[in-house]
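Per-entry structural report
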Amino acid sequence: DEPTRARLLNMLGVNYDILEQYDEALKFYRRCLSLQRSQEDTDAISRVLGNIGVVYSRVGDEARALRHLQEAIQLGQQSNTETGRLARHTLNAAISLHRLNRCEEATATLDIAERYARHAGHTHTLAYILVNRSDFLLKSGARDAALEALQAAMVTSTKLPNLRSMLHYKIGCLLRASDCPAAIAIVQGG
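Here we summarise the structure given alongside this text. Just so it is clear, the model here is predicted, and its values are computed rather than measured.

Before going further, it helps to spend a moment on the environment of Arg115. Within the secondary structure, Arg115 sits in helix 6 (residues 103-120). Residues Arg115 and Ala87, spaced 28 residues apart in sequence, show a C-alpha to C-alpha distance of 7.8 Å.

Here it is as structure tokens:
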């Protein structure tokens with residue numbers, strides 16, 4: 001049936017994305033999107049638009065990524081899209097905005113993503129939002145606020161070992177220049 005076929009096409013797109021075969025991923029996502037549009041499945045359309053946006057971001061086409069992500073968010077808000085997925089779409093849109101040097105919009109969009117993630121109870125997404133908030137703050141020169149965001153992400157990510165390793169590294173790098181003993185303790189997991 002058509003809904004199953006669309007789900008399978010989306011899964012193929014995800015697998016090609018993981019394999020970093022982005023042209024193939026986009027091919028399957030577009031076929032999936034076409035089926036979902038014909039079925040008028042707004043939630044599924046939002047999901048695949050988000051996936052397409054991520055792929056465009058991976059290949060550096062942030063303007064195209066942002067268009068797809070904004071459409072995914074808009075459709076998601078109109079349907080019963082799970083709030084955690086809206087948080088991820090909104091986080092990805094914030095990243096694209098930031099890469100396009102639209103920093104104020106990026107920060108405001110990240111605030112919205114954080115509200116969605118907290119509402120949904122998605123600690124994994126929330127931790128990544130906080131990591132990106134730290135990156136945004138660090139780029140603007142707000143080192144202390146960036147460190148606070150990383151530390152909040154560390155608290156949020158207690159059950160996410162892969163993310164915690166990256167956070168230890170980022171915090172260590174941030175502290176390295178000013179507080180060497182604290183940096184070493186954090187990197188060692190202390």
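This part is about helix 8 (residues 143-156). Because the α-helix completes a turn every 3.6 residues, residues three or four places apart line up on one side. Counted at 1.5 Å a residue, the expected span for helix 8 with its 14 residues is 20 Å, and the 20 Å between its end C-alpha atoms agrees. Looking only at helix 8, the buried set comprises Ala146, Leu147, Ala149, Leu150, Ala153, Met154 and Thr156.

Tracing the sequence through the fold places Ala108 in helix 6. Separated by 14 residues in the primary sequence, Ala108 and Ala94 place their C-alpha atoms 8.0 Å from one another.

Tallied over the entire structure, the rule returns twelve salt bridges. Across the pair Glu24 and Lys27 runs a salt bridge whose closest N-O atoms are separated by 3.0 Å. Of this pair, Glu24 and Lys27 are both found in helix 2 (residues 22-39), three residues apart, which corresponds to roughly one turn of the helix. According to the relative accessible area criterion, Lys27 is partly exposed, its value standing at 39%.

Examined against the element boundaries, Asn10 turns out to sit in helix 1 (residues 2-18). Discounting residues that sit within four places of it in the chain, Asn10 has contacts with Tyr29, Cys32, Arg47, Val48 and Asn51.

Moving on: the packing of helix 4 (residues 62-78) against helix 5 (residues 83-99). One can describe the packing of helix 4 onto helix 5 by two numbers: an axis separation of 9 Å at closest approach and a directional angle of 150 degrees. Viewed along their axes, helix 4 and helix 5 adopt a mutual orientation that is roughly antiparallel. Where helix 4 crosses over helix 5, the handedness of that crossing is left-handed. For the pair formed by helix 4 and helix 5, the contact residues are Glu62, Ala65, Leu66, Leu69, Ala72, Ile73, Gly76 and Gln77 on the first element and Leu86, His89, Thr90, Asn92, Ala93, Ser96, Leu97 and Arg99 on the second. For the contact of helix 4 with helix 5, the residue count by class is eight nonpolar, six polar and two charged.

Further remarks concern unusual backbone geometry. Of note, the phi angle at Glu20 is positive, near 60 degrees, even though the residue is not glycine. Relative to the helices and strands, Glu20 resides in the loop between helix 1 and helix 2. By relative accessible area, Glu20 is classed as exposed at 58%. Its identity as a non-glycine residue notwithstanding, Asn101 has a phi of 60 degrees, on the positive side. One can find Asn101 in the loop between helix 5 and helix 6.

Before going further, it helps to spend a moment on the packing of aromatic side chains. Centre-to-centre distance and the angle between the planes together describe a pair of aromatic rings. A full pass over the atoms with the stated rule returns one aromatic pair. Summarising the aromatic geometry, the rings of Tyr16 and Phe28 are spaced 5.4 Å apart at their centres and angled 5 degrees between planes, so their arrangement reads as stacked. You can see Tyr16 sitting in helix 1 and its partner Phe28 sitting in helix 2, a full twelve residues away along the chain. For Tyr16, a relative accessible area of 24% translates into the label partly exposed.

Calculation rules
- For every chain, the first residue of its written sequence is number 1, and the numbers climb from 1 along that sequence.
- Predicted model: local features are reported for residues with pLDDT of at least 70 only, side-chain atom pairs are reported and counted for 80 or more only, and whole-chain, interface and lining totals are derived from all residues.
- In computing side-chain properties, one takes all heavy atoms of the structure into account and sets aside hydrogens as well as water.
- Only runs of H or I of at least four residues qualify as helices and only runs of E of at least two qualify as strands under DSSP, and these elements are numbered from the N terminus.
- One fewer than the residue count of a helix, multiplied by 1.5 Å, yields its expected span.
- With a 1.4 Å probe rolled over the protein chains alone, any residue whose accessible area is under 20% of its type maximum counts as buried; one over 50% counts as exposed, and the rest are partly exposed.
- The working definition used for a salt bridge is a side-chain nitrogen of Lys or Arg within 4 Å of a carboxyl oxygen of Asp or Glu.
- The contact definition used throughout considers only heavy atoms, calling two residues in contact when any of these lie within 4.5 Å.
- Note on method: axes are straight lines fitted to C-alpha atoms, helices fitted across the in-contact stretch only, with angles between N-to-C directions ranging 0 to 180 degrees.
- Working rule for angles: under 35 degrees goes down as roughly parallel, over 145 as roughly antiparallel, 65 to 115 as roughly perpendicular, anything else as oblique.
- Left-handed describes a crossing whose near helix is turned anticlockwise from the far helix through less than a right angle; right-handed describes the clockwise counterpart.
- Three classes are used, and their members are as follows: Ala, Val, Leu, Ile, Met, Phe, Trp, Tyr, Cys and Pro are nonpolar, Asp, Glu, Lys and Arg are charged, and the others, Gly among them, are polar.
- Aromatic contacts are taken between Phe, Tyr and Trp rings whose centres are within 6.5 Å, Trp giving its six-membered ring; a plane angle under 30 degrees counts as stacked, one over 60 as edge-to-face, and the others as tilted.

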